[in-house]
Amino acid sequence: SLPEPARMREYMKRLSARPHHTGSAYDKDNAEWILARFKEWGWEAKIETFDVLFPTPRERVVEMVEPTKFSAQLQEPAVATDPTSNQQDEQLPTYNAYSIDGDVTAPLVYVNYGIPSDYDQLERMGISVNGCIVIARYGASWRGIKPKVAAEHGAVGCLIYSDPRGDGYYDGEVFPEGPWRPEDGVQRGSVVDMPYYPGDPLTPGVGATAEAKRLPLNEVKVLTKIPVLPISYGDAKPLLAALRGIVAPEGWRGALPITYHIGPGATKVHLKVLSNWGRKTIYDVVARIQGSTYPDEWVIRGNHHDAWVNGAEDPSSGQMCVLEEARVFGALLKQGWKPKRTIFYCAWDAEEQGLLGSTEWVEAHADELKQHATVYFNSDSNERGFLNMGGSHSLEKFINGVARDIEDPETGLSAWKRSQLQQISRTALIDRGKLRSSQDLPIGALGSGSDFTPFLSHLGVATLNLGYGGEDGGGVYHSIYDDFYWYTHFSDTSFVYGRAAAQTFGTAVMRFSDAELLPFDFTNLAETIRKYVDELKLLLDTKRKETIEQNTQIQEGLFAAIADPRERSVPPSIEAVPPYLNFAPLDNAYDTLSRSAGRYQKAAAKFIESKRSLLKGVNAKLIQSERMLTSADGLPNRSWYKHQIYAPGFYTGYGVKTIPAVREAMEQKQWKDAEVQIAKVGDVLKGMAGHLESIAADLEQAVK
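In what follows, the accompanying structure is described. Computed from a prediction, not measured in an experiment: that's the story for all the values here.

1. Regarding the side chain of Asp163
1) Next: Its place among the elements puts Asp163 in the loop between strand 7 (157–161) and helix 5 (164–167).
2) Next: Of the side chains with opposite charge, Arg137 lies nearest to the buried Asp163, which makes no salt bridge, at 4.8 Å.
3) Next: Polar contacts involving the side chain of Asp163 include one to the main-chain amide nitrogen of Arg165, which spans 2.9 Å.
4) Next: Filtering out sequence-adjacent residues up to four positions away, Asp163 remains in contact with Arg137, Gly168, Tyr233, Gly254, Ala255, Leu256 and Tyr260.

Following this line, the structure appears as C-alpha cells:
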C-alpha cells in the first residue's frame with residue numbers, strides 16, 4: 001500500500017529535466033541526487049566511479065553525391081509544445097557510439113534489416129555489397145549486428161534508419177500529435193560488439209578503475225570495422241528513392257511512399273564519421289540495508305540512471321520505481337522491520353553505451369559476488385500494460401507466486417492472470433489448453449540488452465528481469481522526444497503501472513530477503529532444458545531436410561542446364577547433408593537433472609513443513625546453484641560469457657540463444673564443434689544435478 005504514483009511522477013520529472021548522457025553534468029548531478037535520497041531514507045549509500053572509453057561525435061556527414069545532390073540534416077528539431085526538446089546545447093547529436101572513424105564515398109545498397117539471412121537473399125539475387133555503403137532499417141536484430149554483418153560482406157560503410165513501418169506513421173499518429181516517431185526522429189545507440197563482451201571496451205574482464213590495465217585502442221576488437229550512422233526516415237527517403245536496380249522483395253518494403261529498390265547503381269553516398277575518443281568518469285550509486293540474520297547473503301536490485309538524451313521512458317520509468325521501493329523500505333525500517341539478508345539497491349551509469357556501469361561494478365567485485373550474491377532483480381523501462389517476466393528458470397515458480405499477489409491497476413485482476421490471458425490470446429489454439437491448466441506461466445530466457453547481463457552471463461547469479469508494458473504504442477526510443485512530456489501524454493500517464501512495478505519488485509525483494517530457505521525450485525528449470533534440447537533436435541532435422549531439398553533442386557537445375565545449352569547460369573554447388581548428432585549426453589544429463597530436481601523439491605517441501613532450523617551451509621550451496629550452469633572457459637570464441645544455458649546470440653546481439661555453444665555451432669554448420677559442445681554441456685548439467693543431490697541430502701538429514 002505504500003508506493004505512491006505522485007512521488008514517482010516527481011522522481012521522473014526531476015531525473016529527465018535535462019539531458020543526462022554519460023559524462024554530462026546532469027548525469028553526475030542525478031547520481032548525487034539519487035545518493036542523497038537513499039541516505040535520506042536510511043540506507044547506507046555511496047557512489048563508485050569508473051573511467052571508461054566513451055567516444056562522442058566531432059564530425060558527421062551523410063550526403064548523396066550522385067545522381068543528384070542531397071545532404072542529410074542529421075538533426076532532430078525541437079517541438080514547440082514539448083518544453084525539453086529545445087535543449088540542443090546539452091543534447092548528444094544523433095550518432096552510433098563506438099563506430100570507428102571513417103570517410104568513404106561509395107555506391108549505396110539497400111539490405112533490408114541487414115541481418116545474415118538478408119545477405120543470403122542478396123547473394124541469391126546476384127547482388128554484392130563489396131565496396132558499397134549499405135542502408136539498413138532498424139528492426140529484426142540489435143543495431144550493432146548490422147554494421148558487423150555488412151563489414152563481413154565487404155561493405156565500407158553503414159547507415160541505419162527508422163522506417164515508418166513499425167516505427168512511425170504506419171502505426172499511428174506521430175509525435176507530438178501521437179506517440180510514434182516523427183519524420184525527423186532518430187534512434188541513437190551503441191554499436192559496440194557486445195556479443196564478445198559488454199562493458200568498457202578497454203578493460204575486458206576487469207573493473208575500469210584508475211589503476212586497471214587498458215588495451216590500446218588499436219587492439220580493441222569490439223569496435224565496428226566500418227563507419228556507421230543512424231538517420232531519420234526523413235533523411236533516408238531521398239537516398240532510397242534514388243536507388244535503382246531490382247525492386248525489393250515484398251517482405252523488404254517499408255512504408256515510405258516510394259518504390260523500394262535495392263541497387264547498386266548510379267546512387268553514390270558520402271559518409272563521414274569522426275569522434276573524440278576520450279574517457280569519461282561514470283557514477284554508480286550503490287545503497288544497502290544490512291541483513292539481520294544472514295548478512296553475508298546479498299539480494300541485489302538495479303536499474304540504470306543514464307540516458308541518451310532526457311530519457312523519461314528509458315530509463316527514468318524504471319529508475320523511479322527503484323527510488324520508490326527504496327523509500328518504502330526506509331519507511332519499513334522506521335517501523336522496526338529489518339531484512340534477514342543484506343539488500344543492495346543500485347543505480348547504474350553508462351548502461352546505454354554497452355552496460356558499462358553494471359559490468360564494471362560486477363567485474364570489480366566479482367570475487368565477493370560469487371560468494372554472496374543470491375539473486376539479481378533488474379528493470380529498465382516500465383510502461384502501461386502486462387507484466388513481462390524473464391530470467392533464470394530456477395526462479396520461475398518464485399516470480400509466478402509474486403505475480404499472483406500483485407493487482408493489475410487497469411483490470412483489477414492479478415498481474416499474473418492478466419499476463420496469462422495475454423499469452424493465451426497470442427498462442428496457437430492447439431496450445432491454449434496447456435497454458436490455461438499450467439500452474440506457472442513460462443518466463444522468457446535472457447540474452448542481453450540490459451544490466452542483468454554481467455550478473456547472469458558472466459558470474460552465474462540467478463536473475464530476473466521484469467517490467468510492465470505492451471499497451472502504449474511509441475516510437476521515441478533513444479530520441480530527444482523520450483521526455484517527460486511524451487511519457488505523461490502517451491505512456492503510463494497516471495503512473496499506476498509504475499506503482500505496480502514497485503509493488504512487484506518490492507515484494508520479490510522482501511520475500512527473497514526474508515525466506516528461511518532460499519526460494520529456488522529446479523523442476524521448471526529441468527523441464528525448460530528438456531525443451532531446449534528438443535529444439536536442438538528439431539533444428540538439426542530442419543537443416544537436414546532443407547539441405548536435401550536444396551540439393552534436389554540444384555541437381556534438377558544441372559540436368560536442365562545439360563539438356564538446354566542456352567542455360568548460362570552457374571548453379572550453386574551441392575552441399576553436404578548435415579550429419580546425425582549424438583544427443584545422448586544431453587538426454588542423459590537431462591534425465592539425471594530432472595530426478596535430482598524432483599528430489600530437491602520434495603526435500604525442500606518437507607523441510608519447510610517441518611519448520612526446523614536451517615542447516616548451516618544449505619543456502620550457501622543454493623547460492624552456487626546457478627553458478628553450476630557456467631563454465632570457466634566460457635563460450636567458444638567469447639570467453640567472457642560463462643553461462644552454458646543462456647547467452648546473447650553472436651548474430652542477434654540482444655536476442656537469446658539457449659544452450660548457445662551447441663545451437664550456434666549447428667547454425668554455423670560446424671558439426672564437429674557441435675558434438676564437442678553437446679558433451680561439454682552434458683557435463684555441466686550433470687554437475688548441476690550432483691549439486692542438487694547434495695543439497696537435497698542435507699535437507700533430508702535435517703528432518704530426520
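2. What about the sheet that holds strand 14 (residues 373–378)?
1) Next: One open sheet accounts for seven strands, arranged 1-11-13-12-14-16-15; its pairing is mixed. The open sheet has two free edges, formed respectively by strand 1 (44–53) and strand 15 (385–391), since each of these has just one partner strand. With strand direction ignored, the average angle separating the axes of adjacent strands in the sheet is 20 degrees.
2) Next: Relative to strand 16 (residues 463–470), strand 15 runs antiparallel, the two sharing seven bridges.

3. As for the pattern of salt bridges
Two side chains with opposite charge may pair up if their charged atoms get near one another.
1) Next: Enumeration over the complete set of coordinates arrives at 31 salt bridges.
2) Next: Between Lys272 and Glu59 there is a salt bridge, with its nearest N and O atoms 3.1 Å apart. Taken together, the residues Lys272 in strand 10 (residues 268–276) and Glu59 in strand 2 (residues 56–66) connect sequence positions 213 residues apart.
3) Next: The exposure class of Lys272 is buried, given its relative accessible area of 18%.
4) Next: For Glu59, a relative accessible area of 31% translates into the label partly exposed.
5) Next: A salt bridge links Lys621 to Asp698, with the shortest nitrogen-to-oxygen separation between them at 2.8 Å. Of this pair, Lys621 sits in helix 18 (residues 618–623) while Asp698 sits in helix 20 (residues 671–702), and the two are 77 residues apart along the sequence.
6) Next: By relative accessible area, Lys621 is classed as partly exposed at 26%.
7) Next: A relative accessible area of 22% places Asp698 in the partly exposed class.

Thresholds applied
- Residues numbered from 1 in each chain as written.
- Predicted model: local features only at pLDDT ≥ 70, side-chain atom pairs only at ≥ 80, totals over all residues.
- Heavy atoms only, no water.
- Helix = DSSP H or I, 4+ residues; strand = E, 2+ residues; numbered from the N terminus.
- Buried < 20%, exposed > 50% of the residue type's maximum accessible area, 1.4 Å probe, protein only.
- Lys, Arg positive; Asp, Glu negative; His and termini not counted.
- Salt bridge = Lys/Arg side-chain N within 4 Å of Asp/Glu carboxyl O.
- Polar contact = N/O pair within 3.5 Å; in protein donor to acceptor, adjacent residues only side chain to side chain.
- Contact = heavy atoms within 4.5 Å.
- Pairing = 2+ DSSP bridges.
- Axes fitted to C-alpha atoms, helices over the stretch in contact; angles between N-to-C directions.

Remember that the coordinates give geometry; whether it matters functionally is a separate question.
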